[in-house]
Amino acid sequence: MIKYNSSKIEKKWQKYWEAKKFYAVKDKATKKENLYFLVEFPYPSGDLHIGHWYAFSVPDIAVRYWRMKGKNVMYPIGFDAFGLPAENAAIKNNLQPEDWTRKNIAYMTKQLKSMGAAFDWSRAVSTMDLDYYKWTQWIFLQFYKKGLAYRAKTFVNWCPKDKTVLANEQVINGCCDRCGTEVVQKEMFQWMYKITDYADKLIDDLEKVDWPKVTKTAQRNWIGRSRGAEIHFLLPNSTETIKVFTTRADTLYGATYIVLAPEHSLITKLTKDQYLDSVSRYLETTKKKSELERLGLEKDPPSHKATEGQGKTGVFTGAYAVNPINNEKIPIWVADYVIGWYGTGAVMAVPAHDERDFEFAKKFKLPMKQVIKELSNMGTSNVPSEHSVSGDSAYEGDGVLVDSREFTGFKSEDAREEIVEKLAKKGLAERKTNYKLHDWVLSRQRYWGTPIPMINCPKCGYKPVPEKDLPVKLPKLDDYKPSTDGRSPLAKAKEWLKVKCPNCGGKAERETDTMDTFVDSSWYFLRYADPHNKKAFADSDKMKNWLPVDLYVGGAEHNTMHLLYSRFFTKAMYDLGLLEFNEPFVVRRNHGIILGPDNQKMSKSRGNVINPDDLVKKYGADAVRMYLAFMGPYEQGGPWNPGGIIGISRFMERVRNLLNRIVKLADTWSKNYREDTSVNNIKSKKESLRFYESAEGNIDLSNIFHKTIKKVSEDIEKLSFNTAVSALMILLNSIQEETTDISPGGFKVTHTKTRGISKPQLETFLRLLAPFVPHLTEELWMNTLGNKKSIHLEKWPEYDPKLIVEETIKLVVQVNGKARDVIEVMAGLDETAAREVALGSENIKKHIAGTEIKKIIFVKNRLINFII
RNA sequence: GGGCGAGUAGCCGAAUUGGUAUAGGCGCAGCGCUUAGGACGCUGUUCCCGCAAGGGAGUGAGGGUUCGAGUCCCUCCUCGCCCACCA
């Protein structure tokens, strides 16, 4: 056999497909429905890892399948080119970020092409291209006009190492998600996107999309909608009130003190003189605390366990507030367990019914008052509650109110309504919904990003760059390193900085912050529909052809970042009349992560990194693709099994040998021996030939063929690639059992079972394999079988439901639920006949002998169960 | 602490949704390939008793529902991911 030179053959076909422009999809194809399959575009880190292969080459199977099914499938690719890692790497290597990134893009493009995926390179976009970020800026301006982009002073997450602000979503356990440095809180002026305007829609519209449950719940929790009320606590001798947010107005009678976050604006005003010292000391210490310390967490990132016994801290202000429901005077404390930015930054503490308040009250010996009783204790009010105040925990559940004047006896859910209602009439409360979601801080004090198209005029303030002046080009800077003062490096571009105010024409300066990379990637999927448009981010007719995205495959790490931002962009652009849909991705599927062979996350320091280039060199791209599809459920990922890929390699070799043998045999025989009856073994050889040339093929194989077509089709549609590969292996096993086996030296028939396979059947087999191993099947299709047109332009085989129906089935015969025999019977056998057959079995007779059959359970075409 | 998911052979994993548990692959073992070679072919491969026929046990642990449970319900254990003082 000729050795299969995978790298040579794969390159050959990649060039052929590219030259023929197979994958450059037209916006419209006659009589073909458009499908838009999207994978998350890669960050140009410089090297394609196995995870990229998993993310891109496996969905490519579905892309190729749907193309063969007659759809016009767009499968675009691009680069998320701006961002911190590129800039940091460039600093390290003493290069310009642009040069570093362009070099990586060039190299990764080469690597990506080696996958043999059906990417449409003619639509490739890169977020660092002027043509692209012009529109990132343009969209910013549209948002700005509608008040969806604004500048404000706010507490932000500041990474001291990367010297930039981070969005909330980019802070993991109080640390920078890029470098792991502990984040500090800083109050700064920042540009923000008003994503909070869309909080409700972002939650409610999750109903409309087919997304993984985890992603949906992650988004719901992240947005964190909670419905409750704001209650006003009065300050004696003052017109001011302290507003607190609560979801538990039913516990209002149990409020025994008020807690203000250290950031609360009223603290200095209301603190009594003799407490000023201790309060200001407390504020100082909290300021110095990191997020982690404030949470009472250990600093060690791996554990992050709550430190035992450390407990809560706080200080009394000397002031009191009046509970509006019962006019009780309760003390006002300051404690950092209350978060400044959430709700009103103040809470009413109900230690009897809230764990945190309980802990605090216990430590500072503050009173506790039980006002809720568990429902199970109803009617037995003399029995002390299990969760009495003197216990060691608070009762946080709903129940029945006690000690709450006219509301005593109310159920929690009713009391919540009634109490707020009563106070609202006096203007002392209002219903309120709060969200955990913050506005999205989009400005970054770094160089390598999209410049924010704003101008700061000393007279007129911030003014947008006129649209005609877009793009605001990112200037080349010799020293682009971040500065310690928090000012963006762009401030160093002295000439670039100077600009006329669009309002008054006076001297002004450009905004020097750049945008978060997540802004760039929040709309890239729109650009693919019309990537070369000079007049708009995308033409609306072209968008109609493709959008919204039909299937978006990517990693679960984007659940609360990219996927949330993209949805916000889509909704905001929809409201601006720029889009005709308000959800960007109809179907979303998360892929798993490939771990190292040691079941650990791949990392250089662990030395468990699998390099796809080496694998491609050794086994070929086809084998790598197919193995990744085969190794397990796609959503699950899992450890890389170094031995496993050999199985795929063997499978491919068997396919090759099968084709080569049969074609060679057929050729030789049709040329030399068709009419010759004198040669030994002529019968079986002739029979093989007859099968090969017959149109209907081997009837004995048609059942397995049609079953496989059905199975593989359904599995690909479900993205259940591993079981699809399995089915193909089973098919090959069946074919080989039924086919001529020839030794390499000659035409010796070694098996008696030989029945042969027809050319149409072989071709069907290759078509089924084409999405999985595009290069191998193309080689066999065009070279071995001599077809003129590419297999990737072929139609996907259809199955005939009639040929899937089994003639016989295996009837399982059970006695008392235990399988005792399996009998092959005609399909569709009814109970009476089945019982007769089953009772004929010796083994069944043995088990039933001497007893009476009490009951028979019969499942057609499956089993019969005798209960004795 | 909360949420979600998972646990099946030596390993990766299947299982028509409640109907023969372990398909397919890896690994391992045996045999074959009238020249070698293997990324070749065939056969076997859950455990225990048995020459075999056959029987018993068996899907993290324990219990339940059912003629029948990997699948449904309850309790618990382990692992993974996400969130986390959000009032």
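For the structure, see preceding data.
**Details of the overall build of chain A**
Looking only at helices and strands, chain A features 29 helices and 33 strands. Across the 868 residues that make up chain A, the buried fraction comes to 53%. At a minimum sequence separation of 6, the contacts of chain A that also span at least 24 residues come to 72%. A total accessible area of about 40,500 Å² is found for chain A, and carbon and sulfur atoms account for 50% of it.

**Here we look at the environment of Asp 530**
Its location among the elements puts Asp 530 in the loop between helix 16 (524-527) and helix 17 (540-546). A relative accessible area of 7% means that Asp 530 is categorised as buried. C-alpha separation for the pair Asp 530 and Ser 540, spaced ten residues apart in sequence, amounts to 9.1 Å. Engagement of the side chain of Asp 530 in a polar contact is seen with the backbone nitrogen of Asp 539, the distance being 2.8 Å.

**Looking at the packing of aromatic side chains**
A complete count under the given rule lists 54 aromatic pairs for this structure. When the centroid spacing of 5.0 Å and the interplanar angle of 55 degrees are considered together, the rings of Phe 143 and Phe 569 count as tilted. On the criterion of sequence distance, the pair formed by Phe 143 in helix 6 (residues 130-145) and Phe 569 in helix 18 (residues 562-575) is long-range, its members being 426 residues apart. A single burial state applies to Phe 143 and to Phe 569, both of which are buried. Between Trp 333 and Phe 364, the ring centres sit 5.0 Å apart and the planes meet at 55 degrees, which makes this aromatic pair tilted. In this pair, Trp 333 sits in strand 14 (residues 329-334) while Phe 364 sits in the loop between helix 12 (355-363) and strand 16 (372-373), placing the two residues 31 residues apart along the sequence. The ring of Trp 121 carries the charged tip of Lys 113 above its face, separated from the ring centre by 5.2 Å.

**Examining the environment of Ile 757**
By secondary structure assignment, the location of Ile 757 is in the loop between helix 24 (721-737) and helix 25 (759-769). On the accessibility criterion, Ile 757 (2% relative accessible area) is buried. Along the chain, Ile 757 and Ile 735 lie 22 residues apart, while their C-alpha atoms are 7.5 Å from each other.

**A closer look at the state of the cysteines**
In this structure the tally under the stated criterion is zero disulfides. The structure places no disulfide on Cys 501, whose sulfur is separated from the nearest cysteine sulfur, that of Cys 457, by 3.6 Å.

**Side note on the sheet that holds strand 30 (residues 808-815)**
Ordered by their spatial adjacency, four strands build an open sheet running 31-30-33-32, and the pairing between neighbours is mixed. Of all the strands in the sheet, the pair left with one neighbour each is strand 31 (818-826) and strand 32 (855-859). Averaged over all pairs of adjacent strands, the angle between their axes in this sheet comes to 20 degrees, without regard to strand direction. On top of the sheet, helix 28 (residues 831-839) reaches strand 30, strand 31, strand 32 and strand 33 (863-867); it is set at about 70 degrees to strand 33, its chief contact.

**Remarks on the sheet that holds strand 21 (residues 454-457)**
The strands that make up a sheet pair up through hydrogen bonds in the backbone, lying either parallel or antiparallel. Reading across from one edge, 22-21-24-23 is the order of the four strands in this open sheet, with antiparallel pairing throughout. Each edge of the open sheet carries a strand with a single partner, namely strand 22 (461-464) and strand 23 (498-500). With direction set aside, neighbouring strand axes in the sheet form an average angle of 45 degrees. Here strand 21 runs beside strand 24 (residues 507-510); their pairing, made up of two bridges, is antiparallel. When the sheet's bridge partners are listed, Ile 455 is paired in strand 24 with Arg 510.

**Regarding the pattern of salt bridges**
Evaluation of the coordinates by the stated rule reveals 48 salt bridges. Between Lys 12 and Glu 779 there is a salt bridge, with its nearest N and O atoms 2.9 Å apart. In this pair, Lys 12 is assigned in helix 1 (residues 6-19) and Glu 779 in helix 26 (residues 774-784), connecting sequence segments 767 residues apart. Residue Lys 12 is classed as partly exposed on the basis of its relative accessible area of 36%. The network of salt bridges with common partners includes Asp 27, Asp 120, Arg 123, Asp 530 and Lys 542.

**Comments concerning the packing of helix 24 against helix 25**
Two elements in contact, helix 24 and helix 25, have axes separated by 11 Å at closest approach and are oriented at 160 degrees. Of the possible angle classes, the one that applies to helix 24 and helix 25 is roughly antiparallel. Crossing angle aside, the handedness with which helix 24 passes helix 25 is left-handed. Contact with helix 24, carried on its side by Leu 728, Leu 731, Leu 732 and Ile 735, involves Phe 765, Leu 768 and Leu 769 of helix 25 and no other residues of that element.

**Overview of a positive patch on the surface**
Residues Lys 26, Lys 32, Lys 789 and Lys 795 make up a contiguous surface patch of positive charge. Of note, Lys 32 is situated in the loop between helix 1 and strand 1 (34-39).

**Observations regarding unusual backbone geometry**
Peptide bonds are mostly trans, and most non-glycine residues show a negative phi. With omega at 0 degrees, the peptide bond leading from Leu 470 into Pro 471 counts as cis. Looking at where Pro 471 falls in the secondary structure, it is placed in the loop between strand 22 and helix 14 (494-497). Cis geometry marks the peptide bond from Leu 547 to Pro 548, where omega comes out at 0 degrees. With respect to the element layout, Pro 548 can be found in the loop between helix 17 and strand 26 (551-555). Of note, Lys 365 is a non-glycine position whose phi angle comes to about 55 degrees, a positive value. Assignment of secondary structure puts Lys 365 in the loop between helix 12 and strand 16. Phi is positive for Asp 403, close to 50 degrees, though the residue is something other than glycine. Within the secondary structure, Asp 403 is located in the loop between strand 17 (400-401) and helix 13 (412-425).

**A look at the pairing of strand 24**
Summarising the sheet, strand 23 and strand 24 pair through three bridges and their orientation is antiparallel. In the sheet register, Val 499 faces strand 24, and the bridge partner there is Ala 508. Adjacent in sequence and paired antiparallel, strand 23 and strand 24 are bridged by six residues, among which Gly 505 carries a positive phi angle near 80 degrees.

**What to know about the side chain of Thr 317**
Counting through the fold element by element, Thr 317 comes out in strand 13 (residues 315-322). Within the local environment of Thr 317, its side chain forms a polar contact with the backbone nitrogen of Ala 319, the two atoms lying 3.1 Å apart. Once you skip the residues sitting within four places of it in the chain, Thr 317 turns out to touch Leu 270, Thr 271, Lys 272, Tyr 275, Val 279, Ile 332, Trp 333 and Val 334.

**Considerations on the pairing of strand 9 (residues 184-193)**
Bridging between strand 5 (residues 149-159) and strand 9 involves ten bridges; their strand directions are antiparallel. Each bridged residue has a counterpart across the sheet, and for Phe 155 the counterpart in strand 9 is Glu 187. Pairing between strand 9 and strand 19 (residues 440-441): two bridges, direction antiparallel. When the bridges of strand 19 are listed, Tyr 193 appears paired with Trp 440.

Cut-off values and rules
- Residues numbered from 1 in each chain as written.
- Chains lettered and ligands numbered in written order.
- Predicted model: local features only at pLDDT ≥ 70, side-chain atom pairs only at ≥ 80, totals over all residues.
- Heavy atoms only, no water.
- Helix = DSSP H or I, 4+ residues; strand = E, 2+ residues; numbered from the N terminus.
- Buried < 20%, exposed > 50% of the residue type's maximum accessible area, 1.4 Å probe, protein only.
- Contact = heavy atoms within 4.5 Å.
- Areas by Shrake-Rupley, 256 points an atom, 1.4 Å probe, with all protein chains shown as cover.
- Polar contact = N/O pair within 3.5 Å; in protein donor to acceptor, adjacent residues only side chain to side chain.
- Phe/Tyr/Trp six-rings, centres within 6.5 Å; stacked < 30°, edge-to-face > 60°.
- Lys NZ or Arg CZ within 6 Å of the ring centre and 35° of its normal.
- Disulfide = S-S within 2.5 Å.
- Pairing = 2+ DSSP bridges.
- Axes fitted to C-alpha atoms, helices over the stretch in contact; angles between N-to-C directions.
- Salt bridge = Lys/Arg side-chain N within 4 Å of Asp/Glu carboxyl O.
- Parallel < 35°, antiparallel > 145°, perpendicular 65-115°, else oblique.
- Left-handed = near helix turned anticlockwise from the far one by under 90°.
- Patch = residues over 30% accessible without salt bridge, like charges linked within 9 Å, V, L, I, M, F, W, Y side chains within 5 Å.
- Lys, Arg positive; Asp, Glu negative; His and termini not counted.
- Charge placed at Lys NZ, Arg CZ, Asp CG, Glu CD.

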